[in-house]
Amino acid sequence: MSLHQNLILALIEQHQPQLLAEWLNGLMRGGRSGAGPHRDTDTSEQAKRFIEQLRQGVRNGQFDDISTADWASMRELLEDLSRSRAAQGISPTETATFVFSFKEPLFELLRRSIPGDADLLARQIWQATRLLDQLGLFTIECYQRTREELIGRQQQELLELSTPVVQLWDGILALPLIGTLDSARTQIVMESLLERIVSSGAEIAIIDITGVPTVDTLVAQHLIKTISAARLMGADCILSGIRPQIAQTIVHLGLELNVISKATMADALRLALHRTRKTIVDRAAPAAREA
Amino acid sequence: MGEIPILKIRDCLLVSIQVDMHDRLAMALQDDLTQRIVEDRARGVMIDISALEIVDSFIGRMLNNIAAMSRVLDAVTVVVGMRPAVAITLVELGLTLTGVRTALNVDKGLEMIRGIIDRGEREDDRRDR
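Reading guide: rules and limits
Residues numbered from 1 in each chain as written. Chains lettered and ligands numbered in written order. Predicted model: local features only at pLDDT ≥ 70, side-chain atom pairs only at ≥ 80, totals over all residues. Buried ≥ 20, exposed ≤ 12 C-beta atoms within 10 Å, placed from the backbone. Helix = DSSP H or I, 4+ residues; strand = E, 2+ residues; numbered from the N terminus. Arc of directions from axis to C-beta. Contact = placed C-beta atoms within 7 Å. Pairing = 2+ DSSP bridges. Axes fitted to C-alpha atoms, helices over the stretch in contact; angles between N-to-C directions. Expected span 1.5 Å × (residues − 1). Parallel < 35°, antiparallel > 145°, perpendicular 65-115°, else oblique. Left-handed = near helix turned anticlockwise from the far one by under 90°. Nonpolar A, V, L, I, M, F, W, Y, C, P; charged D, E, K, R; others polar. pLDDT = per-residue confidence, 0-100.

*Asks:* Help me understand helix α6 (residues 103-113) of chain A in this model?
*Replies:* Every α-helix winds through 3.6 residues per turn, so residues three or four apart in the chain are directed the same way. Residue and element names in this part refer to chain A. Among all positions in α6, only P105, L106 and L110 are buried. Seen from one end, α6 has its buried residues packed into an arc of 135 degrees, which puts them on one side. What points out from α6, more than 90 degrees from its buried face, is the exposed set R111 and R112.

*Asks:* What should I look at first to understand the environment of V91 of chain B in this one?
*Replies:* Take V91 of chain B: it is sitting in helix α3 (residues 84-93). The contacts of V91 of chain B, once residues within four sequence positions are left out, are K225, S228 and A229 of chain A together with T96 of chain B.

*Asks:* Mind showing me how you'd approach the interface of chain A and chain B here?
*Replies:* It is common to give the size of an interface as the accessible area that goes away when the parts come together. Taken together, the 15 residues of chain A in the interface contact 13 residues of chain B. Secondary-structure elements contributing two or more residues to the side of chain A that touches chain B are α8 (183-200) and α9 (217-232) of chain A. Looking at the side of chain A that touches chain B element by element, the count peaks at 6 residues for α8 of chain A.

*Asks:* Got a minute to help me understand the sheet that holds strand β4 (residues 236-240) of chain A in this structure?
*Replies:* The strands that make up a sheet are held in pairs by hydrogen bonds between backbone atoms, and each pair lies either parallel or antiparallel. Residue and element names in this part refer to chain A. Taken together, 5 strands build an open sheet; the order of strands is β1-β2-β3-β4-β5 and the sheet is mixed. A strand with exactly one partner marks an edge of an open sheet, and here the two such strands are β1 (166-169) and β5 (260-261). Where β1 and strand β2 (residues 172-178) come together, 3 bridges link them in antiparallel fashion. Paired with V166 across the strands is A174, a residue of β2. Seen against the sheet, α8 touches β1, β2 and β3 (204-211) and runs at an angle of roughly 165 degrees to β2.

*Asks:* Looking at this structure, how should I read the pairing of β2 of chain A?
*Replies:* Every other side chain in a regular strand lies on the same face of the sheet, so the side chains alternate between the two faces. Residues and elements named next belong to chain A. Counting buried positions along β2 gives 5 out of 7 residues, so the element sits mostly inside the fold. In sequence, β1 turns back onto β2 through a hairpin of 2 residues, with G171 there showing a positive phi of about 75 degrees. As judged from the 6 bridges shared by β2 and β3, these two strands associate in the parallel manner. Counted as the bridge partner of L175 is I207 from β3.

*Asks:* What is the right way to read unusual backbone geometry from this model?
*Replies:* In terms of backbone geometry, most residues other than glycine have negative phi values and most peptide bonds are trans. Even without being a glycine, N258 of chain A presents a positive backbone phi close to 55 degrees. In this structure, N258 of chain A sits in the loop between α10 (244-253) and β5. Phi is positive for D74 of chain B, close to 60 degrees, though the residue is something other than glycine. By the element assignment, D74 of chain B lies in the loop between α2 (57-72) and β4 (76-80).

*Asks:* What is the right way to look at α2 of chain B in this model?
*Replies:* Residues and elements named next belong to chain B. Under the 1.5 Å per step criterion, the end-to-end length of α2 is 23 Å for 16 residues, consistent within 8% with the ideal 22 Å. Buried residues of α2: I59, G60, M62, L63, I66, A67 and S70, and no others. For α2, the angular spread of buried residues about the axis comes to 160 degrees, placing them on one side. The exposed residues of α2 that point more than 90 degrees off its buried face are S57, F58, A68 and V72. Lining the buried residues of α2 we find α1 (23-40), β3 (44-48), β4 and α3. D74 occupies a position one or two residues after α2 and carries a positive phi of about 60 degrees.

*Asks:* It is not clear to me how the packing of α6 of chain A against helix α7 (residues 118-161) of chain A should be interpreted in this structure. Could you clarify?
*Replies:* Axes are the key here: two packed helices are described by the angle between their axes and the distance separating the axes. Residues and elements named next belong to chain A. In contact at an axis separation of 10 Å, α6 and α7 are set at 160 degrees when each is read in the N-to-C sense. Classified by the angle between their axes, α6 and α7 sit roughly antiparallel to one another. As α6 runs across α7, the sense of the crossing is right-handed. Touching K103, L106, F107, L110 and R111 of α6 are L121, Q124, I125, A128, T129 and L132, all from α7. Partitioning the contact of α6 with α7 into residue classes produces 7 nonpolar, 2 polar and 2 charged.

*Asks:* How should the confidence of the model for chain A be read in this particular structure?
*Replies:* If pLDDT is low for a region, its predicted coordinates should not be looked at in detail. Per-residue confidence for chain A gives a mean pLDDT of 84, with 92% of residues at or over 70. The weakest mean pLDDT in chain A belongs to helix α12 (residues 286-290) of chain A at 56; the strongest belongs to β4 of chain A at 93.

*Asks:* I'm lost on the sheet that holds strand β1 (residues 6-9) of chain B in this one. Help?
*Replies:* All names here are of chain B. Strand order across the open sheet formed by 5 strands is β1-β2-β3-β4-β5, with mixed pairing between neighbours. Lying at the two open borders of the sheet, with one neighbouring strand each, are β1 and β5 (101-103). Pairs of neighbouring strands in the sheet enclose a mean axial angle of 25 degrees, with direction left out of account. Here 4 bridges tie β1 to strand β2 (residues 12-16), and the two strands are oriented antiparallel to one another. Bridge pairing in β2 places I9 opposite C12.

Structure representation (C-alpha cells):
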C-alpha cells in the first residue's frame, strides 16, 4: 500500500460524516433539488454506502485497479445504483455526476489537510482523480449495459409478437411473415410453426411473404430451412404472397426454392383445401352448379 | 442390447424406435426389416421416432437407407412423429431426408401409405386397360 493511499484513507476515516454532508449539499445544489423527496432519500442512502465502500476499498485494495476482489462490494453497489437509475429513466450524465461530484468535497478536504505542500497535494489529487474516474466510468458502463439489456428484451418481445401462426381451417395453418427475416427471427418462426403443427395436427402450412420487403439469398436460405423442417414433421408448405418484383429477384439470383408457390394467400388456401379434400361452394348459385 | 420390435398392421410394418440407436442396433434393424418386408409381403413401412430426442447424422442416414431399401422391395416408407427440436437440428445439419416421406403421427402416416398404395394400384389398372 502506497503512502498516498494511507493519507487518503486516514482522511476518509476521520472526516466521514463531514464528507458525506458536504457531498450531499453539493448534489442538492447541482440541480438535483427538484428531484423530489423520495429520490433525495435514495441518494443520501446511496452516498452513505458509497463512502463506506470507498473506505473499505481504499483500505484493502489498489487505487489503480478496481476490478480486483477488494472492490467487489463497491462494484456491486455501483451496479445496483446504475441499474435502478437506468430503470427510472435518469440520464447517464446525472448517473455519472453522482460519482464524479464526490471529487469536490474530497479535493476540498485534501486541500485543507495539506497546506503549503503543493507538490504533495497535486499527487494526492491525481491519485484520487484516477480512482474516482474509474468508478465513474464503471457506473456508466453498467448503465449502458442495463439499457442494452432493456433494448434486447424489447426486441425479443417484438419478435414474438411479429410471428403469429394462424389457424385458417382444420389442418391448415398460415404464417404471415412481416419484416426482414434474419437468422434469429427464422429460429423463432420455425419453432412456433413446428409447435403449432404438432398441437393442431396440421398437414399444410401456408407461408405468406407479402410483408417481407426483400428476398435475398440469405432470406431464401432461411425460408428453405423452415420449409424443410416443416416437411420433416410431416407438413407440406405453400409459399404465397410473392410480389412481382420479388419473383424477378428470385430468378435473377438463380435461387431454387423447390416449393409450391402461389401469388396470393387466396390461391394458396384454395390449393390447401383441395389437398385436404374440401371445397367451398357458392350457395347463391346451387342450380348452376348442379346443371 | 435388445432388438427393436417390428409390428404388422395389415400390409404395413410399424417400427417404433424407443431406445438410443447405435451402429449394431441400426444394422440389425435394417436386416430384420428387409427380411420382414419380404416375408410378410408388406407394402408400407412406418418408422415412429416420436420417442427420439436426439437424431444425429448417423440416424438420419439410416432412415434414408431404410427408405431406399424398402423402395427396392416395393414398399413405401413413412417416418412419423418427428419432434420440432429434432426437425430443426436436422435442417441445421443439412439433412433434409429428401428421399423419405414424413407424417405428423402414426394415424396420418397410415393414411398416407394407404393413399400411395391405392394410387399405385389405380395407375396399374389404367395401364392394363
